[in-house]
2 protein chains.
Amino acid sequence: MAKRISTQEKILNAAEALFAEQGFEQTSLRQITTEAEVNLASVNYHFGSKKSLIQAVMARYLEVFMPSLQTELEQLAATGNFTTREVFNCFRKPLSDMGQVRKHGPTLFLSLLGFAYAEIQGHLRRYTMEHFGDVIALLLETLHQANPQLSPVDMFWRLHFVLGATVFAQVSGPALREIAAADFGEAVAADQVIDRLIPFLAGGVDATTDTPVAQ
Amino acid sequence: MAKRISTQEKILNAAEALFAEQGFEQTSLRQITTEAEVNLASVNYHFGSKKSLIQAVMARYLEVFMPSLQTELEQLAATGNFTTREVFNCFRKPLSDMGQVRKHGPTLFLSLLGFAYAEIQGHLRRYTMEHFGDVIALLLETLHQANPQLSPVDMFWRLHFVLGATVFAQVSGPALREIAAADFGEAVAADQVIDRLIPFLAGGVDATTDTPVAQ
DNA sequence: ATGCATTTAAAACATGCGTTTTAATTTATA
DNA sequence: TATAAATTAAAACGCATGTTTTAAATGCAT
């Protein structure tokens, strides 16, 4: 006997899948409620507004992911000496952990994160900083320790490049994996993209800053 | 005497600025026609549809950018031996050239490119491949020559990570530059972001592929 | 200057959105 | 079981969108 799923959960489950696939703005409440097989008005009844629903979807992931990431980072920091790549490897366990909570959890979460930034959802950024600002700060600090030669400004920019590459890889992930499979006859599992990503990110962050004169 | 600007051009100019700022979907025809000081219906009269307008906006840039990039790549390839960073430097001149055609050209173009991918405008991808597929192929080939150790699959993925980081840097560029200026008291010009980006990208592409075991 | 084609203007159309309202129904409590 | 609260259902609201239609204005040949 499958345990009864509440209307809230039905909505959250349908919403997160559609959000990760299409983005927040592109997904309508009617799509969500149809998929969830609940009444249209129940979204506003249970969550108040679409904006609050988006926040609830993200919160469900962040509440699992952030503490887990914090643990990993603190564990690494305790070793005293580490590389950039090891810092990024701290993301592996928290991500795969979410796969046990919810199938396709890692992919969903990263896609959601991607759209959250791509669509410049100011309220999401605010929410994240408010609830998990200390984890973000820890991440920045740890990365800086691994790269003391980088100025704070340099690190700021590179970290956002990292975010961009990550987000993009997830958002266009399904389409890309399809093309890759067709062109190279090699299927790449969703959670293996991270294996390709981490070396790239670490290489980018570790790059020398000296700029050869163009032209 | 400023030369008379046609309705088409007024629309294109207003549209590209708004698209680059807000994205394609978020920008309404009413916004565009108000900004351009033309009638609402003139967009559909001159361009047929919003989708065609988006394509026209992109085409105006691509027709300048792509041939210029092709020239740079061919010039580099003729030298016989080159680094990844030199390949990415090939983007500098074509980008800055567009600044002479239109003020803020480089930033606008990269932002547009960003939204084109972020919003998964299938028709734009098709258009680009149809008209400039050979330049894309040349870029891939040149990058592969600079990195013969990378398999085609590896290069495929890394090139998309590159695209993601680039796109993201541009799309969230204005907001990021603002934060950077506030946090570090250092204003960064829009076209200087590329100076920070290229080392990162080259470092990422050049990274070793061996993956240390996680955990 | 006249007549025709092109372009602009104003209004309406059809559709989809998030949200609200009202009533019916289910659930829980006393 | 009776009553109150919580939830679901159905419909409509107000608004914004891209597009189309119809008429007026303009440009440009003859």
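As recorded in an unreviewed UniProt entry, chain A goes by TetR family transcriptional regulator and comes from Pseudidiomarina atlantica.

Each aromatic ring pair is characterised by the separation of its centres together with the angle its planes make. All names here are of chain A. Under the definition given, this model contains 15 aromatic pairs over all chains. Note on W157 and F161: the rings are 6.2 Å apart at their centroids and 40° apart in plane angle, and the pair reads as tilted. Placement of both W157 and F161 in helix α9 (residues 152-171) is noted, with a separation of four residues, approximately one turn of the helix. The residues W157 and F161 share a single accessibility class, namely buried.

Moving on, we come to the protein's contact with DNA strand C. Lining the immediate environment of DNA strand C, one finds 15 residues, of which L29, R30 and K50 of chain A together with T7 and H46 of chain B sit closest. Considering the 4 Å shell around the protein, atoms of DNA strand C inside it are sugar or phosphate in 47% of instances. Side-chain polar atom of K50 of chain A to a phosphate oxygen of DNA strand C: 2.9 Å apart, as the coordinates give it. Between a phosphate oxygen of DNA strand C and a side-chain N or O atom of T7 of chain B, the distance comes to 2.3 Å. Contributions of two or more residues to the surface near DNA strand C are made by α2 (29-36) and α3 (41-47) of chain A together with α3 (41-47) of chain B. Here the surface near DNA strand C takes three residues from α3 of chain B, the largest share from any one element.

The positions that UniProt labels "DNA-binding region" (unreviewed entry) are, in the present scheme, residues 28-47 of chain A. Helix and strand shares over residues 28-47 of chain A are 75% and 0% respectively, and the end C-alpha atoms of the span are 15 Å apart.

Residues and elements named next belong to chain A. Where helix α1 (residues 7-22) meets helix α4 (residues 50-78), the closest approach of the two axes is 10 Å, and the angle between their N-to-C directions is 90°. Relative to α4, α1 is oriented roughly perpendicular. The residues of α4 that touch α1, namely those facing I11, L12, N13, A15, E16 and F19, are L53, I54, A56, V57, R60 and Y61.

A few words now on the packing of α4 of chain A against helix α6 (residues 92-101) of chain A. Residues and elements named next belong to chain A. Relative orientation of the contacting elements α4 and α6 amounts to 145°, with a least axis distance of 8 Å. By crossing handedness, the relation of α4 to α6 is classed as right-handed. In this structure, α4 contributes Y61, V64, F65, S68, L69 and E72 to the contact, and α6 contributes K93, P94, L95, D97 and M98. Grouping the constituent residues of the contact of α4 with α6 by class yields seven nonpolar, one polar and three charged.

Close to DNA strand D lie 15 residues; T7 and H46 of chain A together with L29, R30 and K50 of chain B are nearest. Y45 of chain A has a polar side-chain atom sitting 3.0 Å from a phosphate oxygen of DNA strand D. One of the side-chain N or O atoms of N44 of chain B is found 3.3 Å from a phosphate oxygen in DNA strand D. Secondary-structure elements contributing two or more residues to the surface near DNA strand D are α3 of chain A together with α2 (29-36) and α3 of chain B. Per-element tally for the surface near DNA strand D: the top contributor is α3 of chain A, with three residues.

Before going further, it helps to spend a moment on α2 of chain B. All names here are of chain B. Among all positions in α2, only L29, I32, T33 and A36 are buried. Projected down its long axis, α2 shows its buried positions confined to an angular sector of 90°, all on one face. Within α2, the exposed residues directed more than 90 degrees away from the buried face are R30, T34 and E35. Against α1 (7-22), α3 and α4 (50-78) lie the buried residues of α2. Directly beyond the C-terminal end of α2, a positive phi value near 60° is found at E37.

What follows is about the pattern of salt bridges. Pairing is possible between side chains of opposite charge, provided their charged atoms come close. All names here are of chain B. As enumerated under the stated definition, the model contains eight salt bridges over all chains in all. Notably, a salt bridge pairs R60 with E16, separated by 3.1 Å at the nearest N-O pair. Separated by 44 residues along the polypeptide, R60 in helix α4 and E16 in helix α1 bring together distant segments of the chain. Under the relative-accessibility criterion, E16 is labelled buried at 3%. For D195, the salt bridge goes to R92, with nearest N and O atoms at 2.6 Å. Of this pair, D195 sits in helix α11 (residues 193-206) while R92 sits in helix α6 (residues 92-101), and the two are 103 residues apart along the sequence. A relative accessible area of 29% means that D195 is categorised as partly exposed. A relative accessible area of 16% means that R92 is categorised as buried.

What counts and what doesn't
- Residue numbers here run from 1 along each chain, matching the order of that chain's written sequence.
- Labels are handed out in written order, letters beginning with A for the chains and numbers beginning with 1 for the ligands.
- Given that this is a predicted model, residues contribute local features only at a pLDDT of at least 70 and side-chain atom pairs are listed and counted only at 80 or more, while totals for whole chains, interfaces and linings are drawn from all residues.
- Excluded from the side-chain calculation are hydrogens and water; included are all heavy atoms of the structure.
- Any two of the Phe, Tyr and Trp rings considered here, Trp counted by its six-membered ring, make a pair once their centres fall within 6.5 Å; the pair's planes then place it as stacked at under 30 degrees, edge-to-face at over 60, or tilted in between.
- Numbering of helices and strands starts at the N terminus; helices are DSSP runs of H or I of at least 4 residues and strands are runs of E of at least 2.
- When a residue's accessible area, from a 1.4 Å probe over protein chains only, is under 20% of the maximum for its type it is buried; when over 50% it is exposed; and in between it is partly exposed.
- Any residue with a heavy atom positioned within 4 Å of a molecule or strand is treated as near that molecule or strand.
- In protein, a polar contact means a hydrogen-donor-capable atom and an acceptor-capable atom, both N or O and within 3.5 Å, with residues adjacent in sequence counting only if both atoms are side-chain atoms; elsewhere, any N or O pair within 3.5 Å suffices.
- UniProt positions are given in the numbering used here, feature names are shortened, and annotations may be inferred rather than shown by experiment.
- Angles shown run from 0 to 180 degrees and are taken between the N-to-C directions of axes, each axis being a line fitted to C-alpha atoms and, for helices, limited to the stretch in contact.
- Working rule for angles: under 35 degrees goes down as roughly parallel, over 145 as roughly antiparallel, 65 to 115 as roughly perpendicular, anything else as oblique.
- Any pair of residues with heavy atoms lying within 4.5 Å of one another is described as a contacting pair.
- Crossing chirality is assigned from the near helix's rotation relative to the far helix, an anticlockwise turn below a right angle marking it left-handed and a clockwise turn marking it right-handed.
- Any residue that is not Ala, Val, Leu, Ile, Met, Phe, Trp, Tyr, Cys, Pro, Asp, Glu, Lys or Arg is counted as polar, Gly included; the first ten are nonpolar and the last four charged.
- It is the directions from the helix axis to the C-beta atoms that the arc portrays.
- Throughout this description, the term salt bridge denotes a Lys or Arg side-chain nitrogen within 4 Å of a carboxyl oxygen of Asp or Glu.

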